Amino acid sequence: MVEVSVKVKLPFLWGKAVFKKERWNHINLIVGPNGSGKTLLAESISKQFEERGYSVKFLKAERDSFYDTEAVHILQNNEVVRNRIQTVLSAMFGKSIVFKESESNFVPVVVNRAWNVEYDLEEVECHGLKEIITLLVALYANTGNTCLIFDEPELHLHPQFQQFFADELRRVSKRHPKRMYFLITHSPFFVDLRFPEDLMGVIVCHTNREPTHIDHLEKYDEDLLRRFLPRFNTYHKQFFFSDNQIFVEGYTDQQMFTNLLPYVYSEKSTAGTGIIDVGGKDELGVFCKICALLGTNSRIITDLDSLFSGKLRDVFCEDERVSLWIEKQTEKQLPFFKQVFSARELGIPLTLERMIRRLERYIADVGRELCSEDFMPPQSLLVLVEKLIALEQKHVNVEAVDTFKTVVMQGVMNHGDDLQKVLSPRIADSIPLMKNLFSIVIASAASASVFILPRGCIEHYYTQSCVQYMPVSAKDKLFHFELEHLLKSGEEDIRSEYGELIAILESACAKT
């Protein structure tokens, strides 16, 4: 870490806000959407570094002048750099560079070893080869500069060559720990995060607000990220470049919502929006945490069971936006809360965690009675009771199992009226309270941009199959059948059949 105090004001982009940062990694990334001020920020940072005695070289996105002047000159006169680049190119392309004298100077000539032919690099070579040569020259010849800034190093480069340059930069930085590097990039291949502290070198630029970054990582966050980063792939890293990414659990959710995205009414709401599947609800919690740390507003659509366990629940229950939302709702909902909580419980501020726990207490009471031996379910509740009894037989402490809680809640929302008729009076009286409390809990989570599927999971919104309760079997078969139907349907049918999902997606797309 290097400590240099930097303050940047760009009123026409951020208003009165000021970007401040004091601690810098040896490799720093400036990321974000187009028009968010990444290059302007880097230029201001470079000036302030120079004012504090640092030697800075800024390799801008328009690099032709550098190539035509400095790069060719360095290749001509610096044998060490020339040999290193020749070795690299030989390994990458099966080509090497030699210099031949022309009328006015030395020009680089590419030798294609595969076909034993040579040609003038400046006249016929692709942009990619010229670009990688330019980047490597700047990197290898950087002897005196203490700070080297690359603007859009991904230009004209194949993804594998982007990854190569990111790896090469990391190797060089290890050999020269006193030098600093900045990458202004739109490419996930340059978001090379291997250790939790690497995240502290990421500056995220946003549209219409100041850039954000991580100043400090708590021990718990470090441990969480250390376990997670090895699974953090290039596809996941899209969220660094947009505030409008939506995270979902799996590929079925990702495909369904991606194909429904064009039917969100406001086109502006979906600009720059992508649906990213992360591989599970615990991973959703980690993404939510990373976004919170970086100051990026994550949007998450998740299954109902996320309400009852997992990292995601911990994250959104602690979100300040949830606390503020509940505080504003408390006076309005006070008559209802007095039915659910005692006067003593209402003597301290309500939290989402306490509301979920109270909901879980109601769920346990309902589930216990439905699973009792002397309960005789009517036909309308038969499938529900069979599902709950199967879960009870499978788990020792079934009331603590999130799937059991989810199924009970599904039963209450789907068959609340029938339940009130057959449950004991005390339990039956809790059904309307459960429904109301559930709606408040769902809205509370939404205030933190976590949108819980109230029916259960994506399969409960399918139109070509009847899925009543979790867990769902034969998911893959059901998904492909549903996706085929969705892709073949017209707009009017899609809006009619998938209206609930489109509404949830529209809420997730709304800019805050």
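Residues numbered from 1 in each chain as written. Predicted model: local features only at pLDDT ≥ 70, side-chain atom pairs only at ≥ 80, totals over all residues. Heavy atoms only, no water.

**Some details on the nonpolar core**
Core analysis: the largest hydrophobic core is formed by 112 residues, its most contacted members being Phe 239, Phe 240, Leu 307 and Phe 316. Residue contributions to this core peak at 11 residues, all from helix α17 (residues 425-446). Dropping the residues within four chain positions of it, Phe 239 is found in contact with Phe 232, Gln 245, Phe 247, Ile 276, Phe 287, Ile 290, Cys 291, Leu 294 and Thr 296. By size, the runner-up hydrophobic cluster in this structure holds 31 residues, among which are Val 264, Tyr 462, Val 472 and Leu 478. (Core = buried A, V, L, I, M, F, W, Y, C linked by side-chain atoms within 4.5 Å. Buried < 20%, exposed > 50% of the residue type's maximum accessible area, 1.4 Å probe, protein only. Helix = DSSP H or I, 4+ residues; strand = E, 2+ residues; numbered from the N terminus. Contact = heavy atoms within 4.5 Å.)

**Some details on the environment of Ser 372**
Its location among the elements puts Ser 372 in the loop between α14 (352-370) and α15 (382-394). Exposure remark for Ser 372: the relative accessible area of 26% places this residue in the partly exposed category. A sequence separation of 13 residues divides Ser 372 from Val 385, and the C-alpha atoms of the two residues are 9.8 Å apart. Here Glu 369 takes part through its backbone oxygen, which lies 2.7 Å from a polar atom of the side chain of Ser 372. (Polar contact = N/O pair within 3.5 Å; in protein donor to acceptor, adjacent residues only side chain to side chain.)

**As for the sheet that holds strand β9 (residues 180-184)**
With respect to topology, 6 strands assemble into an open sheet ordered β4-β8-β9-β3-β10-β11, the strand pairing being mixed. The outermost strands of the open sheet, each flanked by one partner alone, are β4 (56-59) and β11 (209-213). Pairs of neighbouring strands in the sheet enclose a mean axial angle of 15°, with direction left out of account. Bridging between strand β8 (residues 147-151) and β9 involves 5 bridges; their strand directions are parallel. Residue pairing in the sheet places Leu 148 in a bridge with Tyr 181 of β9. On the sheet, helix α7 (residues 159-175) packs against β3 (27-31), β8 and β9 and is oriented at approximately 160° with respect to β9. (Pairing = 2+ DSSP bridges. Axes fitted to C-alpha atoms, helices over the stretch in contact; angles between N-to-C directions.)

**Re the packing of aromatic side chains**
The tally for this structure, following the rule as stated, stands at 18 aromatic pairs. Judged by centre distance (5.9 Å) and plane angle (50°), the rings of Phe 336 and Phe 337 are tilted. Given a relative accessible area of 7%, Phe 336 falls into the buried group. On the basis of relative accessible area, Phe 337 is assigned to the buried category, the value being 1%. Connected via pairs of aromatic rings, a cluster forms that spans Phe 228, Phe 232, Phe 239, Phe 240, Phe 247 and Phe 287. Over the ring of Trp 24 we find Lys 21; its NZ or CZ atom is 5.3 Å from the centre of that ring. Over the face of the ring belonging to Tyr 140 we find Arg 84, whose NZ or CZ atom lies 3.8 Å from the ring centre. (Phe/Tyr/Trp six-rings, centres within 6.5 Å; stacked < 30°, edge-to-face > 60°. Lys NZ or Arg CZ within 6 Å of the ring centre and 35° of its normal.)

**Re the pattern of salt bridges**
Under the counting rule described, the total for this entry stands at 26 salt bridges. The shortest N-O distance in the salt bridge between Arg 170 and Asp 192 comes to 2.8 Å. On the criterion of sequence distance, the pair formed by Arg 170 in helix α7 and Asp 192 in the loop between β9 and β10 (202-206) is long-range, its members being 22 residues apart. Judged on exposure class, the residue Arg 170 and its partner Asp 192 are both buried. Within the structure, one salt-bridge network assembled from shared partners comprises Asp 167, Arg 170, Asp 192, Arg 194 and Asp 198. (Salt bridge = Lys/Arg side-chain N within 4 Å of Asp/Glu carboxyl O.)

**Some points on the packing of helix α4 (residues 79-93) against helix α6 (residues 127-140)**
At a closest axis distance of 10 Å, the pairing of α4 and α6 adopts a crossing angle of 140°. Taken as a pair, α4 and α6 cross one another with a handedness that is right-handed. Two secondary-structure elements touch here, α4 through Val 81, Arg 84, Ile 85, Val 88, Leu 89, Met 92 and Phe 93 and α6 through Leu 129, Ile 132, Ile 133, Leu 136, Val 137 and Tyr 140. Of the residues in the contact of α4 with α6, the class split is 12 nonpolar, no polar and 1 charged. (Left-handed = near helix turned anticlockwise from the far one by under 90°. Nonpolar A, V, L, I, M, F, W, Y, C, P; charged D, E, K, R; others polar.)

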